[in-house]
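# Descriptive structure summary
Here is what each chain is made of, one letter per residue.
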Amino acid sequence: MKRYTARRIAWAGVVALLILTITFVLLELAPDSQLARVQFRAAASGESAEAAADAYARRRGLDGPLWERYLEYLANLASGDWGWSDTRSQPVAEAILTALPYSLMYTVPAVLVSTTLGIAIGLYSAFNQYTKADYAATFVAFFGVSIPNFWFGIVLLLLFAVYLGWVPVLFDAELARTRTFSLANARQLALPVFVLATSAIASTMRYARAEALEYVRAAFVKTARAKGAHEWRVLTRHVLRPTLVPLSTILVGDLLGVVLSASYLVEVVFGIPGLGRLSLEAIRRQDTALVLGTTLVPVFVAVIGNLLQDLAYAVLDPRIEYGDRR
Amino acid sequence: MSDDGVDRFDGDDSRGTDDSGRERSSESDDSGRERSADPDDPRRERFEDVDWDAIGEDTGGVTRTRLAAGVAVGLYALALAYDLVVAGADPTVAFDAGVPWRAAGASLVWDVTAVDWLFVATLLVAGFSLAPLARNRRLTAHYWRRFRRHTPAVLSLWYLLAIFALGTVGTVVIDQPSLDVAAAYQPPVFLSVDASVPTECVGPVVEGRCRGTWTYPLGTTGNGRGLLTLAIYGMRVSMQVGLIATLISITIATAVGTTAAYTGGWVDEALMRYVDVQQTFPTFFLFLFLAYLFGGSLFVLILIFGVTGWGGIARIVRSEALQRREEGYVDAARISGASSLSVIRRHVVPNVSNSIVTAATLNIPFLVLSEAALSFIGLGDVTLPSWGQTIAAGRGDLGTAWWISTVPGLFLFATILAFNFLGDALRDALDPRQEV
């Protein structure tokens, strides 16, 4: 088990490095709109476009060979220097640290709520298959997974902010920063959390129900009941545990995907100055350093998530050995 | 005595099971209760019946299905070659009668794009993968009976078929929505809006309110495009994204997942480590990058979704296949001398197919939603009138012209909902392990 854990951790490091490299290469291939602008200006004023391009590259530190810049980049990264954002005139690390709390403010509650409720409702539904409660839960799940969260956000904003006036229309970043744990902040975060949780809860619930159904009628569950195990024990020990194995796969991959991509839309719709909007803005304005920086955060989250999932896999299902098979 | 008995012994590798479903249907079919309840049962197969088609297939002979598939592939290749060589850069491709089911569109103007070619290929593959169902009527009837119990799913199926027909045939017949500033902000028919909202009211103005007309049944956008036409064009985009990319994904996922689980060792390790890497890069982010590099054309979007979106499905297939691998019927098949490929194809894949179908039907709405989301934030294909783009366009007019964002939003919602209902019902109908 120790060796397995060490190997998985080492592998997580390799993955992170691989992804950094791919991202670096992809961005290296990207056309630089600022370079084109510099060249156009130089050509328009009668100067050599080539000389201007050279000067531009030197100024931005883009004149060395590719691998040299790559190594330098990795070294900077390791030392905490994540580059300089041109469009925001501040270090990338600083821009990310400013944006990150806004994203966490609504993603953390949404993930906690949706995971707990999702698994609970999914298990309940599986145990009470084809009852009214099951149909109600299924309906909620279908609604949550089917409603496009950006459209849902717009509709809710129109209803609750414009017509009813219960929540503010515009997100007050100043309020969120200074009084994070205040009622006023909770009020303006209620809609984003609700929108994100409805989409995340639904997929968790559906998968939990589908996976649990496989075990509800299994022989070992019948045996447990026959031996006098309480319903609660059957539920937690005999159904939840094997259900969690495939579910852990889905929770990490699916939930992470939902939350990361949804954060872009939710932040655009509600005007939250979080990581998603920062990243989107960076891509639009081709701020290479900032794009790379804003991708590192979700990538690190995903790498660690996958690592935890692999370890959970080995712990939860004794049939899956953690050594080499055969 | 049950006449299905012959199918139940999976170890009797290729003779008794002519397709994936047969061995799965037996569990519920052999309950005498169901049979007696339905005396007019058309199932007339007997224990001694031999499925000669299946045997012919096993020995590499030419069956009718194979012949049809061969002809279809040939025609497809010919048509593709015609488009590439003869039509070339010519924007309009007029079809000859050689293309089987597109004959009606022959005289119409239709520039066949790369996406359209992929779409036709997808439909062909989907059609031929349904061939076993058409051949085995008893099995089809059985599945249909199980499926029919879910009324919402049956309704969803009809809705999706309608969307599909409108999106494929409708877009060939109906012209692209055109700009018409004079017809801006018309409300949907039967509804009315304050007369100050549209610049000119196409319909009658009653008591200071502009009424919708049948000219624009679902109203118009801020630049006068009819929302009904926009919605129909949106159907095509959504269907193409969902179906093509999902077919690519499940093909790769099934191959990778079963290979990894069945082979084990370093192959498993290598494949799953690759999935790790791919999974850590969320599809959405990857698309942002590639859209930024190559421009967000629909073709690129579909390829990216298809080629990068199979990691999760492959993991599900693998974890399911790992469990199947330990089953007795796999041992039995192997002892009877079946090759690994044959065991995977005949015993492992059919028995994880419920997971594959569930994953695929969840994948389609996810892709439809992703495409809409990307179009919404302006990173999709700007040349195509997709639902997401229309929702984004109407976002600024919500206070006055609420229908612009609402109409495509409702279509998007209904389509995704229908796919979800369908997927759930299919899972219940296809899973032989649970009897309802």
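The rules we used
- Residues numbered from 1 in each chain as written.
- Chains lettered and ligands numbered in written order.
- Predicted model: local features only at pLDDT ≥ 70, side-chain atom pairs only at ≥ 80, totals over all residues.
- Heavy atoms only, no water.
- Helix = DSSP H or I, 4+ residues; strand = E, 2+ residues; numbered from the N terminus.
- Buried < 20%, exposed > 50% of the residue type's maximum accessible area, 1.4 Å probe, protein only.
- Areas by Shrake-Rupley, 256 points an atom, 1.4 Å probe, with all protein chains shown as cover.
- Contact = heavy atoms within 4.5 Å.
- Buried area = accessible area lost by both parts, 1.4 Å probe.
- Salt bridge = Lys/Arg side-chain N within 4 Å of Asp/Glu carboxyl O.
- Polar contact = N/O pair within 3.5 Å; in protein donor to acceptor, adjacent residues only side chain to side chain.
- Nonpolar A, V, L, I, M, F, W, Y, C, P; charged D, E, K, R; others polar.
- Patch = residues over 30% accessible without salt bridge, like charges linked within 9 Å, V, L, I, M, F, W, Y side chains within 5 Å.
- pLDDT = per-residue confidence, 0-100.
- Expected span 1.5 Å × (residues − 1).
- Bend = angle between axes of the 7 residues up to and from the residue.
- UniProt positions renumbered as here; feature names shortened; annotations may be inferred.
- Pairing = 2+ DSSP bridges.
- Core = buried A, V, L, I, M, F, W, Y, C linked by side-chain atoms within 4.5 Å.
- Disulfide = S-S within 2.5 Å.

## Concerning the overall build of chain A
In terms of regular secondary structure, chain A is built from 13 helices and two strands. Looking at the 326 residues of chain A, the share that counts as buried comes to 50%. A total accessible area of about 16100 Å² is found for chain A, and carbon and sulfur atoms account for 66% of it.

## Comments concerning the overall build of chain B
When you go through chain B residue by residue, the secondary structure sums to 19 helices and three strands. When the 436 residues of chain B are sorted by exposure, 52% land in the buried category. For chain B, the accessible area works out to roughly 19400 Å², and carbon and sulfur atoms hold 64% of it.

## Comments concerning the interface of chain A and chain B
A common way to report how large an interface is uses the accessible area buried once the components associate. Counting residues at the interface gives 61 residues for chain A, matched by 60 residues for chain B. Buried surface at the junction of chain A and chain B, both sides included, amounts to about 5600 Å², of which 67% is carbon and sulfur. The tally of links from chain A across to chain B stands at zero salt bridges. Inspection of the chain A/chain B interface yields four residue pairs in polar contact (both at pLDDT 80 or more). Sorting the residues of the side of chain A that touches chain B by element identifies helix 1 (2-29), helix 6 (132-146), helix 7 (149-163), helix 9 (183-216), helix 11 (231-270), helix 12 (275-284) and helix 13 (288-316) of chain A as the ones contributing at least two each. Here the side of chain A that touches chain B is composed, by residue class, of 39 nonpolar, ten polar and twelve charged.

## A few points about a nonpolar patch on the surface
A cluster of nonpolar side chains, namely A:Leu159, A:Val162, A:Tyr163, A:Leu164, A:Trp166, A:Val169 and A:Leu170, defines an oily patch on the protein surface of about 760 Å² accessible area. Relative to the helices and strands, A:Leu159 is located in helix 7.

## Quick word on the confidence of the model for chain B
As a note on interpretation, predicted positions should not be read in detail where pLDDT is low. All names here are of chain B. Averaged over all residues, the pLDDT of chain B is 75; the fraction at 70 or higher stands at 76%. Element-level pLDDT for chain B is lowest in helix 1 (residues 5-8), with a mean of 38, against a maximum mean of 90 in helix 11 (residues 227-263). Across residues 1-40 the pLDDT falls below 50, and counting only partners more than four positions away or on other chains, this stretch makes 79 contacts in the model. A low-confidence stretch, residues 95-99 stays under pLDDT 50, and its non-local contacts, those more than four residues away or across chains, total five contacts. For this predicted complex, the interface confidence score (ipTM) comes to 0.72, while the overall pTM stands at 0.75.

## Remarks on helix 7 of chain A
Residue and element names in this part refer to chain A. With 15 residues, helix 7 ought to run about 21 Å at 1.5 Å a step, and its terminal C-alpha atoms sit 20 Å apart, in line with that. The axis of helix 7 is deflected most strongly, by about 25°, at Leu157. Buried residues of helix 7: Asn149, Phe150, Trp151, Phe152, Gly153, Ile154, Leu156, Leu157, Leu158 and Ala161, and no others. The positive-phi residue at the C-terminal boundary of helix 7 is Gly165, with phi of around 70°.

## Considerations on the UniProt feature "transmembrane region" (unreviewed entry) in chain A
Residue and element names in this part refer to chain A. UniProt tags residues 9-27, 104-127, 139-169, 243-270 and 290-316 as "transmembrane region" (unreviewed entry). Between the C-alpha atoms that bound residues 104-127 the distance is 34 Å, and the span itself is 100% helix and 0% strand. When the span residues 139-169 is considered, its composition is 74% helix and 0% strand, and the gap between its end C-alpha atoms is 29 Å.

## Quick notes on the sheet that holds strand 2 (residues 205-206) of chain B
Residues and elements named next belong to chain B. A sheet is described by the order of its strands in space; here three strands give the open sequence 1-3-2, paired in antiparallel fashion. Each of the sheet's edge strands pairs with one partner strand only, and the pair in question is strand 1 (192-194) and strand 2. Alignment of strand 1 against strand 3 (residues 209-211), held across three bridges, turns out to be antiparallel. Note on strand 3: the bridge partner recorded for Val193 is Cys210.

## Section: the environment of B:Thr246
All names here are of chain B. With respect to the helices and strands, Thr246 occurs in helix 11. Along the backbone, Thr246 and Val382 are 136 residues apart, and their C-alpha atoms lie at a distance of 22 Å. Among residues more than four places away in sequence, those in contact with Thr246 are Val241, Ala360, Asn363, Ile364 and Leu367.

## Brief notes about the nonpolar core
If you look at the biggest cluster of nonpolar residues, it comprises 111 residues, and the most contacted ones within it are A:Phe150 and B:Phe376. The greatest single-element share of this core, amounting to twelve residues, is contributed by helix 19 (residues 403-430) of chain B. Not counting residues within four places of it along the chain, the set of residues in contact with B:Phe376 comprises A:Phe150, A:Ile154, A:Leu265, A:Val268, A:Val269, B:Gly388, B:Ile391, B:Ala392 and B:Arg395.

## Remarks on the environment of B:Phe411
Mapped onto the elements of the fold, B:Phe411 is located in helix 19. It is 49 Å that separates the C-alpha atoms of B:Phe411 and B:Ala338, two residues lying 73 residues apart in sequence.

## Regarding the UniProt feature "transmembrane region" (unreviewed entry) in chain B
Within the UniProt annotation, "transmembrane region" (unreviewed entry) is assigned to residues 67-88, 108-133, 154-174, 214-234, 241-264, 284-317, 355-380 and 400-423 of chain B. The span residues 400-423 of chain B shows a helical share of 88% and a strand share of 0%, and its end C-alpha atoms are spaced 38 Å apart.

## A closer look at the state of the cysteines
All names here are of chain B. Tallied over the entire structure, the rule returns one disulfide over all chains. The side chain of Cys201 participates in a disulfide bridge whose partner is Cys210; the two sulfur atoms lie 1.9 Å from each other. On the S-S bond that ties Cys201 to Cys210, the torsion sits near 80°, and the link is right-handed. Judged by its relative accessible area of 24%, Cys201 falls in the partly exposed class. Overall, the relative accessible area of 0% leaves Cys210 in the buried class.

## Things to note about the side chain of B:Thr220
Checked against the element boundaries, B:Thr220 lands in the loop between strand 3 and helix 11. There is a polar contact of 2.7 Å between the side chain of B:Thr220 and the backbone nitrogen of B:Gln186.

## Quick word on unusual backbone geometry
Residue and element names in this part refer to chain A. The residue Ser89 is not glycine, and still its phi comes out positive at about 50°. Take Ser89: it is sitting in the loop between strand 1 (84-85) and strand 2 (90-91). For Ser89, a relative accessible area of 52% gives the class exposed. A positive phi angle, close to 65°, is found at Tyr130, a residue other than glycine. Along the chain, Tyr130 falls in the loop between helix 5 (92-127) and helix 6.

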